[in-house]
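A look at the structure
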Amino acid sequence: MRRRSPTSVPSEQMEKGTGKSQNTRICFLASLSVFFWMLLLYFHFVVLGGSTVDQSVKLQLQAGPVYTELKPTRVTSDPQIENQNTESKPIHVTSDHQMDNQNTVSAPTRVTDDHQVDNQNTESTPTVVAPAAHQTESPAKAIQIHEAEKYPFMKALRTAENKNDPCGGRYIYVHDLPPRFNEDMLKECRSLSLWTNMCKFTTNAGLGPPLENAEGVFGDTGWYATNQFAVDVIFSNRMKQYECLTNDSSVAAAIFVPFYAGFDIARYLWGFNISRRDAASLDLVDWLMKRPEWGIMGGKDHFLVAGRITWDFRRLSEEDSDWGNKLLFLPAAKNMSMLVVESSPWNANDFGIPYPTYFHPAKDAEVFIWQERMRRLKRDWLFSFAGAPRPGNPKSIRGQIIDQCRNSKVGKLLECDFGESKCHSPSSIMQMFQSSLFCLQPQGDSYTRRSAFDSMLAGCIPVFFHPGSAYTQYTWHLPKDYTKYSVFIPENDIRKRNVSIEETLRRIPPEQVKKMREEVIKLIPSLVYADPRSKLGIFKDAFDVSVQAIINKVTKLRMDILEGRTDDNFIEENSWKYALLEEGQREVGPHEWDPFFSKPKDGEGDSGGTSAEAAKNSWHNEQRQHQSSGRYELLLVPCHEHSSQNSPSRYPETHFLVQIQNIQIVSASSAFFLYDIYTFCVV
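Residues numbered from 1 in each chain as written. Predicted model: local features only at pLDDT ≥ 70, side-chain atom pairs only at ≥ 80, totals over all residues. Heavy atoms only, no water.

**Focus on the environment of Phe464**
Relative to the assigned elements, Phe464 resides in strand 14 (residues 461-464). A residue is classified by how much of its surface remains accessible, and Phe464, at 1% relative accessible area, is buried. Each C-alpha atom, one on Phe464 and one on Leu440, is 6.6 Å from the other, the two residues being 24 residues apart in sequence. (Helix = DSSP H or I, 4+ residues; strand = E, 2+ residues; numbered from the N terminus. Buried < 20%, exposed > 50% of the residue type's maximum accessible area, 1.4 Å probe, protein only.)

Here it is as structure tokens:
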């Protein structure tokens, strides 16, 4: 029933005004239509006309882009990477008329199948950006998302958003290098060191021969006579067991280069010119740069491992008399990350990882048992030191430390001088560390020494005298708050003030000592390398920590690229400071440890020219450690490859350099004297 108007209008009046009223309405509608189209054309040509984005792309984005949820191929059962194809499951995103007024996008948000938006972020798995469902992007935001699509690593970032994939954001692609870069070196293991037969140390996937436990110092399983420079092989073999390998580099969070860089340089440091020392590094870089995987980020997502100190790879000149090769100074290598047992404080392309210890657990239970055993031990000595003096180094405080150990009733000393020494016995070293509350860890020939990790494995609280020995080195594996697990006594306090180590340690309250030792014991899993032929279940070992740190580094770099962040204020000479920054910090300033890290000479990461000398001393020390057997071995090296300290060799290729190894020696001076005497060339 239609409702009548409250006022009546005479019928004749309505009939008279019908034509005029209808004409008025038509004119009004026509005017409104013209105004609407003028407004629409103005908005289209004037407001949107300045955009440089292609109109077809714009329409596609406004309609709502379609993303796919990736399911990358995982390689877990076979160490060899197989060629498999990735599958994708499209997720359709509809749009509505809501406008998003945000101007920037830092990371796309994952869209689930029921169009719910998941905004959760994790520390190790970054959230990746995609437009939210039921939402139309603003032009600025749509343009930025379109620009982000130009980056080939977007596919890898999106894998982190597949919550059904346990490997999302963790995939590693491994280059299939020609065997000359790795496996061929193991076939020639006798040539990997002048002083050590590395053949026995490359057995058992790089762990070396099993250790006998006649004295009951070790555990029943998982203990090996591991060489401190065997990380190249150990890490590569652990990578073969990594649960998130992929044969699709486009979904990889990082790319591993299984080059045995440490073994390579070990072959040629003594008696070879720079051409031979640099050859493999140059070949490797040339090979990598021709690969399509390199083009994703120009190598910035690549990493490799070398089980030697960084100074072996940082030759400062093109003189044959200079030390090492120039791997870490190659422009392409500067884009990659190199994991070494000692990194440079002044360079940004290397990162410190732990020296290998003697313990390589194959099961979580082995770790639990060892930790509990270290908690229960009775420790009779307040502090101990295992090492030799450095009479040739006037800056070394080892002499003062040895004197304090000798003069203390609560200090234990294990002298590692020449000839037969208990320092060459793993059981003697570990037994002393297990009976000590604190273990003194001054600088070795360089900043770091393996002994620091052996002592922590024994549940002994390390005492450091230089921040470069641990605090600025192993920031991935050790707490930034060093007071939680260690004691720091500045070198100058020992060198100039003659501070008593015993009195300093006695002043620490027993309850604090107990907490520090517990912290050290908790750190053990992340400081050891698990058996490469197996994998721990609960614990994350040194390998796991290192790989995750690299993934985080590459992911952060990718997100910075997406968000347009740059490190214009980055100062490479202050690299050691950046590693100590808290989460979210980006700028560095004055630091209490500045006096310990003087400005690198010539800006090339060599403080006062001592780094190369430290590397040489490290090799001399390695030589001395293996010269107590009294055996004589002849090694023939082409004389034309040999160069003295001052000038290249002038001998023809038909002459050979003879070096007599493993000579019985009694002092440092005679060691170098005999080495010089028994080096000569023959036809």
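**Some thoughts on the packing of aromatic side chains**
Following the criterion strictly, the structure yields 30 aromatic pairs and no others. Members of the aromatic cluster, each reached through a chain of ring pairs, are Phe464, Tyr471, Tyr482, Tyr485, Phe488, Trp593 and Phe596. Over the ring of Phe229 we find Arg308; its NZ or CZ atom is 3.8 Å from the centre of that ring. Positioned over the ring face of Tyr358 is Arg450, at 4.1 Å from the centre of the ring. (Phe/Tyr/Trp six-rings, centres within 6.5 Å; stacked < 30°, edge-to-face > 60°. Lys NZ or Arg CZ within 6 Å of the ring centre and 35° of its normal.)

**Digging into the state of the cysteines**
Throughout the structure, instances matching the rule amount to 3 disulfides. In this model, Cys189 is linked to Cys199 through a disulfide, with the two sulfur atoms separated by 1.9 Å. Residues Cys189 and Cys199 share a disulfide whose torsion about the S-S bond is about 90 degrees; that sign makes it right-handed. On the criterion of sequence distance, the pair formed by Cys189 in the loop between helix 5 (183-187) and helix 6 (203-206) and Cys199 in the loop between helix 5 and helix 6 is long-range, its members being 10 residues apart. On the basis of relative accessibility, which here comes to 11%, the residue Cys189 falls in the buried class. Between Cys439 and Cys460 runs a disulfide, and the two sulfur atoms are separated by 2.1 Å. One quick way to see it: the torsion about the S-S bond of Cys439 and Cys460 is about 110 degrees, and its sign makes the bridge right-handed. Taken together, the residues span a long stretch of sequence, with Cys439 in strand 13 (residues 436-441) and Cys460 in the loop between helix 14 (451-457) and strand 14 at a distance of 21 residues. Taking relative accessible area as the criterion, Cys439 reaches 0% and is therefore assigned buried. (Disulfide = S-S within 2.5 Å.)

**A look at the nonpolar core**
Ranked by size, the top nonpolar core spans 83 residues in total, and within it Ile172, Phe235, Met239 and Phe438 carry the most contacts. Among the elements that take part in this core, helix 18 (residues 542-563) stands out by supplying 8 residues, more than any other. In contact with Met239, not counting residues within four places along its chain, are Ile172, Val174, Leu245, Phe256, Phe303, Phe543 and Val547. Residues Leu194, Val257, Phe263 and Ala333 belong to the second largest nonpolar core, which totals 37 residues. (Core = buried A, V, L, I, M, F, W, Y, C linked by side-chain atoms within 4.5 Å. Contact = heavy atoms within 4.5 Å.)

**Regarding a nonpolar patch on the surface**
Together, Phe28, Leu29, Leu32, Phe35 and Leu39 line one region of the surface with nonpolar side chains, adding up to about 560 Å² of accessible area. Relative to the helices and strands, Leu29 resides in helix 1 (residues 11-47). (Patch = residues over 30% accessible without salt bridge, like charges linked within 9 Å, V, L, I, M, F, W, Y side chains within 5 Å. Areas by Shrake-Rupley, 256 points an atom, 1.4 Å probe, with all protein chains shown as cover. Salt bridge = Lys/Arg side-chain N within 4 Å of Asp/Glu carboxyl O.)

**Details of the pairing of strand 8 (residues 302-309)**
Counting buried positions over the 8 residues of strand 8 gives 8, a clear majority of the element. Note that strand 7 (residues 254-256) and strand 8 share 2 bridges and pair parallel. Bridge pairing in strand 8 places Phe256 opposite Phe303. By the bridge criterion, 5 bridges tie strand 8 to strand 9 (residues 337-342) in an arrangement that is parallel. The residue of strand 9 that forms the bridge with Phe303 is Ser337. (Pairing = 2+ DSSP bridges.)

**Side note on the packing of helix 8 (residues 261-268) against helix 9 (residues 274-289)**
Two elements in contact, helix 8 and helix 9, have axes separated by 9 Å at closest approach and are oriented at 160 degrees. On the basis of the axis angle, helix 8 is roughly antiparallel to helix 9. For helix 8 against helix 9, the interelement crossing comes out right-handed. Contacts between helix 8 and helix 9 involve Asp264, Ile265 and Tyr268 from the former and Arg276, Arg277, Ala280 and Ser281 from the latter. Tallied by class, the residues present in the contact of helix 8 with helix 9 amount to 3 nonpolar, 1 polar and 3 charged. (Axes fitted to C-alpha atoms, helices over the stretch in contact; angles between N-to-C directions. Parallel < 35°, antiparallel > 145°, perpendicular 65-115°, else oblique. Left-handed = near helix turned anticlockwise from the far one by under 90°. Nonpolar A, V, L, I, M, F, W, Y, C, P; charged D, E, K, R; others polar.)

**Brief notes about the pairing of strand 12 (residues 411-415)**
Pairing geometry for strand 11 (residues 381-387) and strand 12, over 5 bridges, is parallel. For Phe383, the partnering residue across the bridge sits in strand 12 and is Gly411. Of the crossover connections in this fold, the one passing from strand 11 over helix 12 (residues 398-406) to the parallel strand 12 is right-handed. (Right-handed = clockwise from strand over helix to strand, strands pointing away.)

**Regarding the sheet that holds strand 15 (residues 487-488)**
The 5 strands are arranged 12-11-13-14-15 in an open sheet whose pairing can be described as parallel. Each end of this open sheet is capped by a strand with a single partner; those strands are strand 12 and strand 15. Inspection of the sheet shows strand 13 paired to strand 14 by 4 bridges, in the parallel sense. Residue pairing for strand 14: Cys439 is matched across the bridge by Pro462. On top of the sheet, helix 17 (residues 510-527) reaches strand 13, strand 14 and strand 15; it is set at about 100 degrees to strand 14, its chief contact.

**Some thoughts on the pattern of salt bridges**
In total, this model carries 29 salt bridges according to the counting rule given. Between Glu318 and Lys326 there is a salt bridge whose closest N-O contact spans 3.8 Å. A single network of salt bridges, built from pairs that share partners, joins Lys556, Asp560, Glu563, Arg565 and Arg586.

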